[in-house]
Amino acid sequence: MTCASCVVHVEKAIAQVPDVLGVTVNLATGRADIALAGPLDPAPIVNAVHGAGYSVPEINAELIVEGMTCASCVSHVERAIRTVPGVTAASVNLATERASITYHEGLASLEDIERAIRKAGYQPKRTEREQAGEDRERAAREKEMSDLRLALATAGLLAFPVFVLEMGSHLVPSVHHLVMTTIGQQTSWVFQFVLTTAVLFGPGMRFFRKGIPAILRGTPDMNSLVTVGTGAAWSYSVVATFLPSVLPAGTVNVYFEAAAVIVALILLGRYLEAKAKGRTSEAIKRLVGLQARTARVSRNGEAVELPISEVLPGDKILVRPGEKIPVDGKVVEGQSYVDESMITGEPLPVAKVVGSTVVGGTINTSGAFSFRVTKVGAETMLAQIIRMVEQAQGAKLPIQAMVDKVTSWFVPAVMAAASLTFLVWLIFGPEPALTFALVNAVAVLIIACPCAMGLATPTSIMVGTGRAAELGILFRKGEALQSLRSVEVVALDKTGTLTMGRPHLTDFRTAPGFDSDETLALVAAVETQSEHPIAEAIVAAARERELASHTIREFQATPGYGVSAKIDQRSVMVGADRYMERLGIDLAVFGAEAQRLGAEGKSPLYAAIDGQLAAIIAVADPIRETSPAAIEALHELGLMVAMITGDNRATAEAVARQLGIDEVIAEVLPEGKVDALKRLREGGRMAAFVGDGINDAPALAEADVGLAIGTGTDVAIETADVVLMSGDLRGVVNAIALSQATIRNIKENLFWAFAYNAALVPVAAGVLYPAGGILLTPVFAAGAMALSSVFVLSNALRLKRFKSVIGIESTRQRPGGQVEGHSSLDSGLRPQAV
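Residues numbered from 1 in each chain as written. Predicted model: local features only at pLDDT ≥ 70, side-chain atom pairs only at ≥ 80, totals over all residues. Heavy atoms only, no water.

- Going by what an unreviewed UniProt entry lists, the protein is known as P-type Cu(2+) transporter and is assigned to Erythrobacter mangrovi.
- According to the UniProt record, the Sequence similarities (unreviewed entry) comment for the protein reads "Belongs to the cation transport ATPase (P-type) (TC 3.A.3) family. Type IB subfamily." (UniProt positions renumbered as here; feature names shortened; annotations may be inferred.)

1. Remarks on the pattern of salt bridges
Here's step 1: Under the defined criterion, the tally for this structure stands at 23 salt bridges.
Here's step 2: For Asp 315, the salt bridge identified is with Arg 299, shortest N-O distance 2.7 Å. Of this pair, Asp 315 sits in the loop between strand E8 (302-307) and strand E9 (316-319) while Arg 299 sits in strand E7 (residues 294-299), and the two are 16 residues apart along the sequence.
Here's step 3: Classification of Asp 315 as buried rests on a relative accessible area of 11%.
Here's step 4: For Arg 299, a relative accessible area of 29% puts it in the partly exposed group.
Here's step 5: A salt bridge links Arg 596 to Glu 593; its shortest N-O distance comes to 2.7 Å. Of this pair, Arg 596 and Glu 593 both sit in helix H23 (residues 591-599), separated by three residues, roughly a single helical turn.
Here's step 6: Judged by relative accessible area, Glu 593 falls into the buried class, the value being 14%.
Here's step 7: Overlapping salt bridges, with partners in common, bring together Asp 507, Arg 509, Glu 593 and Arg 596 in one network. (Salt bridge = Lys/Arg side-chain N within 4 Å of Asp/Glu carboxyl O. Helix = DSSP H or I, 4+ residues; strand = E, 2+ residues; numbered from the N terminus. Buried < 20%, exposed > 50% of the residue type's maximum accessible area, 1.4 Å probe, protein only.)

2. Comments concerning the UniProt feature "transmembrane region" (unreviewed entry) in the protein
Here's step 1: UniProt annotation of "transmembrane region" (unreviewed entry) refers to residues 148-169, 189-208, 228-247, 253-272, 406-428, 434-457, 750-769 and 775-793 when read in the numbering used here.
Here's step 2: Taken end to end, residues 189-208 is 80% helix and 0% strand, and its two terminal C-alpha atoms sit 23 Å from one another.
Here's step 3: Here residues 750-769 is 85% helix and 0% strand, with 28 Å between the C-alpha atoms at its ends.

3. Section: helix H1 (residues 4-15)
Here's step 1: Its 12 residues give H1 an end-to-end C-alpha distance of 17 Å, which sits within 8% of 16 Å, the value for a rise of 1.5 Å per residue.
Here's step 2: Listing the buried residues of H1 in full gives Ala 4, Ser 5, Cys 6, Val 7, Val 8, His 9, Val 10, Glu 11, Ala 13 and Ile 14. (Expected span 1.5 Å × (residues − 1).)

4. Some words on the packing of helix H9 (residues 205-217) against helix H10 (residues 222-242)
Here's step 1: In contact at an axis separation of 7 Å, H9 and H10 are set at 100° when each is read in the N-to-C sense. Here H10 runs roughly perpendicular to H9, going by the angle between their axes. Contacts from Phe 207, Phe 208, Lys 210, Gly 211, Ile 212, Ala 214 and Ile 215 of H9 reach H10 at Asn 223, Ser 224, Val 226, Thr 227, Val 228 and Thr 230. (Axes fitted to C-alpha atoms, helices over the stretch in contact; angles between N-to-C directions. Parallel < 35°, antiparallel > 145°, perpendicular 65-115°, else oblique. Contact = heavy atoms within 4.5 Å.)

5. Looking at the packing of helix H16 (residues 433-447) against helix H29 (residues 730-765)
Here's step 1: Interhelical geometry of H16 versus H29 gives an angle of 165° and a closest axis separation of 8 Å. It follows that H16 is roughly antiparallel to H29 by the angle criterion. With respect to the hand of their crossing, H16 and H29 are arranged in right-handed fashion. Contact residues: Asn 440, Ala 443, Val 444 and Ile 447 in H16; Tyr 756, Asn 757, Leu 760, Val 761, Ala 764 and Ala 765 in H29. (Left-handed = near helix turned anticlockwise from the far one by under 90°.)

6. Points about helix H3 (residues 71-82)
Here's step 1: Between the first and last C-alpha of H3 there are 17 Å, a value that for 12 residues agrees with the 16 Å anticipated at 1.5 Å per step.
Here's step 2: Every buried residue of H3 is listed here: Cys 73, Val 74, Val 77, Glu 78, Ala 80 and Ile 81. Seen from one end, H3 has its buried residues packed into an arc of 160°, which puts them on one side.
Here's step 3: If you follow the buried residues of H3, they end up packed against strand E3 (58-66), strand E4 (87-93), strand E5 (98-104) and helix H4 (110-119). (Arc of directions from axis to C-beta.)

7. Examining the sheet that holds strand E22 (residues 605-609)
Here's step 1: One open sheet holds the six strands; their spatial order is E18-E23-E22-E21-E20-E19, and the pairing between them is antiparallel. Since the sheet does not close on itself, it has two edges, and those belong to strand E18 (504-510) and strand E19 (553-558), each with one partner. Averaged over all neighbouring strand pairs, the angle between strand axes comes to 15°, with direction disregarded.
Here's step 2: Pairing analysis gives six bridges linking strand E20 (residues 562-567) to strand E21 (residues 570-575), with the strands arranged antiparallel. Within E21, the position partnered with Ala 565 by the bridge is Val 572.
Here's step 3: Packed on one face of the sheet, helix H20 (residues 516-527) meets E18, E19, E20, E21, E22 and strand E23 (612-620) and runs near 110° to E20. (Pairing = 2+ DSSP bridges.)

8. Regarding the pairing of strand E26 (residues 687-691)
Here's step 1: Buried residues dominate E26, accounting for five of its five residues.
Here's step 2: In E26, alternate side chains face the same way, and those of Ala 687, Phe 689 and Gly 691 on one face and Ala 688 and Val 690 on the other are all buried.
Here's step 3: In this structure, strand E17 (residues 489-493) lies alongside E26, joined through four bridges in parallel fashion. In the strand pairing of E26, Ala 491 is matched with Phe 689.

Listed below in structure tokens is the structure:
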């Protein structure tokens, strides 16, 4: 495919295949995404693409198959491989234990084929070439670049003498005199004929092979325009050279230089396009490059280096300092820091201890550890990220619908305009009218190529979504890239989104005469017997401060009041104010503190030791350090910020006051979140919802754009349109800003592509000739056409330089629990120092 018309033709061809519900074709990626009503049958789709004049690439691969013992095994394996949709041929050799397979790229994969072989009862292994993870797409791009480079060099070398002989004679009188006195005009024309014919039917043959069949099918494209334009110039020149008597007097001229140089210039444009398109997909290449090739697997007590394709769930992987983590898993031994910036966008390494999850593709920076494999192959997080980015890059935004409508009739309209130009000049033009008619008609055909239109949207999407992935923002649905820029309301879940999502000891103040550490140790000892989340937070705080543990006895829990126990002859009671009142303990000393906690939406607890009030305690879900800056940035973007939560109103409003949130909708069930979103959207406002939990899934689906915090549940992530891998709310701000930048970039591209054609097609047709004798020669038309495509690609590549509008700084935690570094933000919900 070479232009927007090609995209339209391929989409129409595939859409006519039975069971195809929808199809989206992307010029920049060279891919078609197809929605089917039934199981995949590749043959009709491939035939439809071939029938439209295009092709689906085939891949030849080789696999080792272990476990075959006879000819019957060979038959079973071949049959299993051929059942994989997209496989066109399979041949298995018993002696070499190798299977040679041919399959259509995109319709089948090596993973599908390996799965089929295993299902048949045999064990596939990849050959050295397949293990090396040969980048087939890169190899195909490099071959295309190499072919274009050779074609361009050949066309340039052959076209240059033609240009010098013809245009040099017109522009420099001495060159004309030299030609006429040495070889003569006729010999010069014959020499130009030989060289131009070599250009057209050598490097330029690619245009004729595609363009002529497209015209015959009634679906002309860019190749058709070039074919008709250069063919007309060459044919007229051949007649002028060898049969001049059949032409009217005064019209015997040659335009070999136009035909030859046009081909050279368009090949130059194609080469520059291919080079730039390669750069647009660099984000995907980098992600693919993160995948490890091998893993050190513990087998029978020994560490064995195995290809990544042979790693299975449940295997134990050993990771040394500086090594890449091969697949997803859970740490079972050791501790370390892991650099996860390539996945989350967070710059600082993350502590990993026993029980921590690790992600394939990330880098172990310091210690050694081992982990148990939980996901391999297509199920790993990195594979899912690559799949999400590919889907987003292949998406067709609503803005593209206008382009499709225009391009569906654009090429036929250009051919009609060229025909009209020819007739007008032939009838009304000055002498030699036929010459003027031919030159201007060819100029119209060449300059109106719709390449820039076809590349305007997909290249910006590719670069924009790729840059987003580098920042830890994944657009699962391409449409969100356009919708997000129009959002007026951002609704946020509280727990896990604005807050940390788990209780922490936020306040602990002791009464006069009581030591802070000793009191906390006694309270934590009593709470070890309770399973309440508040108790877990108090115990965790004591553990972080490495306080001594105590043995308790006579533990007693009074539901709705509190708990008590004996510790070394001391009586310790922990509970709500009503528990202390029942025990007859005066709380007046903490009256002001209790009022402050109440204003912050916290419910204070109290501790008494031997009948005396010892401490006031508050446990809450603290606000994330990054939330205040994110809310402020959203307000600076002119957005209304709302909070939707199932938490009690007092707590929700306290959090909203601290963060400056505009509207609070509290005490709602999951279904209530959907109703709340509908209210926020009244008046036609577009609303985005940000959440992380299973109970957020309905709201994420209901919102115009759903954004899931990547540290949340799989259900939330699968329901969302955008995933924030860092789990940082500031990613919402960056996602909106990147959406705005990408759509702005697309509009710039489309303006250039349409304005260019609207302005220069009339000039090529000769509308300025009566005013000042200005004409656009076919050679300059070809140069301008190539320039327009290169401009669009270069403009799209500017998105690679997009910078975060709000920086993301990580706070890393030591494996022992201590915090290293600090953030410039302060949530104001720190444990009180005593």
